[in-house]
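Observations on chain architecture
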Amino acid sequence: MTAIQETATAAASGANATERFKSDKFAGVAGTPPERVSLLAREVLEAVHGTIRKHKVTYDEYNALKAWLIGVGEDGEWPLFLDVWVEHVVEEVATEHREGNKGTIEGPYYVPDAPERGARGSVPMRDGEPGTPLTWTGQVTSTDGSPLAGAKVELWHADADGFYSQFAPGIPEWNLRASFTADDSGRFEIHTVRPAPYQIPTDGACGKLIAAAGWHAWRPAHLHVKVSAPGHELLTAQLYFPGDEHNDDDIASAVKPELLLDPRSVDGGEAIEYGFVLDPERS
Ligand code: DHB
Ligand code: FE
């Protein structure tokens, strides 16, 4: 680990994730009818009330909750908190109708408009980028089996120290982030390096909860992707490596058996073959 990366803090990566979310994501839900807002807000609050009654929550515990919630905001950790402990159920509900790949959570570290590398190429990386070189080939098809020429495969992942460019300091802007465009057969070939398991920041409010509850802070090593093609539903997924000790207890509950890779050793690294099936958009 370099000296620069050691200065990565929850507050800094959290603030970056919060700013990124505010600038990109929130198109708003202004048209939501008050009945829907009322229903959802009431039922969430009722679930909280039920927990307080069931476990006879004390004033000290209530005040600890208040202090902790204030801390989550101050550390910019709302994106991290929600993506680790809530997003996986939203994803489950959003994709349950799909016949093709269902995917998994996006997490807080996606950045749009990464450098374009065509159908075959390497993600941007530093000279001597640490980590086992990985060659990934695959095909994007529709649910009827037809290849999706021109499908976009956006890839982003942590480096061999578990850090994401643009969220940890000292890493070039687009390191280990790129966009690929499938060829006429829907195929692509990506050269990157194997990421390390990722520990969610332990020095912020989320870390305090993890420590106080006696949990661990780990996600298994993973590659993030967004796969898209005209007329098809966007697929957001992550791919995992067999044998990772956190595949079975991912803190973000985002591992699914169908997202496990099957790497083979090749000269100078590893090779994987993994493709995607996209559902046509519903009319
Ligand atoms: C978090 C980080 C990730 O890399 C991810 O995939 C999901 C969640 C997080 O820190 O919240
Ligand atoms: Fe991640």
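Residues numbered from 1 in each chain as written. Chains lettered and ligands numbered in written order. Predicted model: local features only at pLDDT ≥ 70, side-chain atom pairs only at ≥ 80, totals over all residues. Heavy atoms only, no water.

1. With respect to the pairing of strand β3 (residues 152-157)
As a reminder of what qualifies: Between buried and exposed lies partly exposed: a residue is buried under 20% and exposed over 50% of the maximum accessible area for its type, with that area taken using a 1.4 Å probe on protein chains only. Helix and strand definitions follow DSSP, with helices as H or I runs of at least four residues and strands as E runs of at least two, each counted in order from the N terminus. Strands qualify as paired when DSSP identifies two bridges or more between them.
Summarising burial for β3: 5 of the 6 residues are buried, a large majority. With 5 bridges joining them, β3 and strand β4 (residues 177-181) adopt antiparallel strand pairing. Its bridge partner being in β4, Lys 152 is matched across the sheet by Thr 181. Alignment of β3 against strand β8 (residues 222-228), held across 6 bridges, turns out to be antiparallel. Within the sheet, the bridge partner assigned to Glu 154 lies in β8 and is Lys 226.

2. Structural notes on the coordination of the iron ion (ligand 2)
What counts here: Excluding water, the donors of a metal are its N, O and S neighbours within 2.8 Å, or within 3.2 Å for Na, K and Ca, and that exclusion means sites may look incomplete.
For the iron ion (ligand 2), the full set of protein donor atoms is Tyr 164 (OH), His 222 (NE2) and His 224 (NE2), at a range of 2.0 to 2.1 Å. Written as a sequence motif, the donor arrangement for the iron ion (ligand 2) is Y-x57-H-x1-H. Taken together, the positions of Tyr 164 in the loop between β3 and β4 and His 222 in strand β8 put the pair 58 residues apart, joining distant regions of the chain. There is no split in this pair, since Tyr 164 and His 222 are both buried.

3. Digging into the environment of Thr 236
Filter applied, for reference: Two residues qualify as a contact provided that any one of their heavy atoms is within 4.5 Å of a heavy atom in the partner residue. By the criterion applied in these results, polar contacts are pairs of N or O atoms within 3.5 Å in which, for protein atoms, one can donate a hydrogen and the other can accept it, and in which residues neighboring in sequence qualify only through two side-chain atoms.
Mapped onto the elements of the fold, Thr 236 is located in strand β9 (residues 235-240). Taking C-alpha positions, Thr 236 is 4.5 Å from Lys 226, a pair spaced 10 residues apart along the chain. Not counting the four nearest positions on each side in its chain, Thr 236 is found in contact with Lys 102, Gly 103, Thr 104, Ile 105, Glu 106, Val 225 and Lys 226. Within the local environment of Thr 236, its side chain forms a polar contact with the side chain of Lys 226, the two groups lying 3.1 Å apart.

4. Concerning the environment of Gly 71
Positionally, Gly 71 belongs in helix α4 (residues 59-74). In sequence terms Gly 71 and Lys 208 are 137 residues apart; their C-alpha atoms lie 9.7 Å from each other.

5. Concerning the sheet that holds β9
Strand pairing in a sheet is mediated by backbone hydrogen bonds. Such pairs are either parallel or antiparallel. Note the cut-off: The axes are straight lines fitted to the C-alpha atoms, using for helices just the contacting stretch, and the angles between their N-to-C directions are given from 0 to 180°.
Spatial ordering of the open sheet is given by β4-β3-β8-β9, a layout of 4 strands whose pairing is antiparallel. With partners counted over all chains shown, the strands left at the sheet margins are β4 and β9, one partner each. Each adjacent strand pair in this sheet contributes to an overall mean axis angle of 20°, direction not counted.

6. What about helix α3 (residues 34-55)?
Condition: A helix is expected to span 1.5 Å multiplied by its residue count minus one.
Spanning 22 residues, α3 covers 32 Å between terminal C-alpha atoms, matching the ideal 32 Å at 1.5 Å per step. Positioned one or two residues after α3, Lys 56 has a phi angle of 45°, which is positive.

7. Here we look at the pattern of salt bridges
Put simply, the rule reads: When a carboxyl oxygen of Asp or Glu lies within 4 Å of a side-chain nitrogen of Lys or Arg, that pair is called a salt bridge.
The final tally for this structure, using the stated rule, is 10 salt bridges. A salt bridge links Arg 126 to Glu 129, with the nearest nitrogen and oxygen atoms 2.7 Å apart. The partner of Glu 273 in a salt bridge is Arg 187, and the shortest N-O contact between them spans 3.1 Å. Separated by 86 residues along the polypeptide, Glu 273 in strand β11 (residues 269-273) and Arg 187 in strand β5 (residues 187-193) bring together distant segments of the chain. Via salt bridges that share partners, Arg 98, Glu 233 and Arg 282 belong to a single interconnected network.

8. A look at the site of ligand 1
Convention followed: In this text, near means that some heavy atom of the residue lies within 4 Å of the molecule or strand in question. Here the accessible surface of atoms and residues is derived via Shrake-Rupley with a 1.4 Å probe, and residues count as covered only by protein chains that are part of the display.
Lining the immediate environment of ligand 1, one finds 13 residues, of which Val 84, Tyr 164, Tyr 198, Arg 219 and His 224 sit closest. A distance of 3.2 Å is found between an oxygen atom of ligand 1 and a backbone nitrogen or oxygen belonging to Leu 80. In this structure, His 224 approaches ligand 1 through a side-chain N or O atom, which is 3.0 Å from an oxygen atom. Burial of ligand 1 by the surrounding chains reaches 100%, relative to a free accessible area of 290 Å². When residues of the shell around ligand 1 are traced back to their parent elements, those giving at least two are α5 (78-85) and β8.

9. Some points on the UniProt feature "domain: Intradiol ring-cleavage dioxygenases" (unreviewed entry) in the chain
How we decide: UniProt positions are given in the numbering used here, feature names are shortened, and annotations may be inferred rather than shown by experiment.
Residues given the UniProt feature "domain: Intradiol ring-cleavage dioxygenases" (unreviewed entry) here are residues 105-279. Across residues 105-279 one finds 5% helix and 34% strand; the C-alpha atoms that close the span lie 17 Å apart.

10. Structural notes on the nonpolar core
Selection criterion: Take the buried Ala, Val, Leu, Ile, Met, Phe, Trp, Tyr and Cys residues and link them wherever side-chain atoms come within 4.5 Å; each set so joined is a nonpolar core.
In terms of nonpolar packing, the biggest core is built from 54 residues, with Trp 136, Leu 223 and Phe 276 touching the most fellow members. Broken down by element, this core gets its largest block of residues, 4 residues, from β9. In this structure, Trp 136 is in contact with Leu 155, Phe 188, Glu 189, Ile 190, Leu 223, Val 225, Leu 239, Ile 272, Tyr 274 and Phe 276, ignoring residues within four places of it in sequence.

11. Examining a nonpolar patch on the surface
Heads up, the condition is: Surface patches are defined over residues having more than 30% relative accessible area and no salt bridge, joining like charges when they lie within 9 Å and nonpolar side chains (Val, Leu, Ile, Met, Phe, Trp, Tyr) when within 5 Å.
A cluster of nonpolar side chains, Val 44, Val 48, Ile 52, Val 57, Tyr 59, Tyr 62, Leu 65, Leu 69, Trp 78, Leu 82, Val 86 and Val 90, forms an exposed patch at the surface whose accessible area comes to about 1100 Å². Contributions of two or more residues to the nonpolar patch are made by α3, α4 and α5. Ranked by residue count, the leading element in the nonpolar patch is α4, at 4 residues. Its location among the elements puts Val 44 in helix α3. In this structure Val 44 comes out as exposed when scored by relative accessible area, which is 53%.

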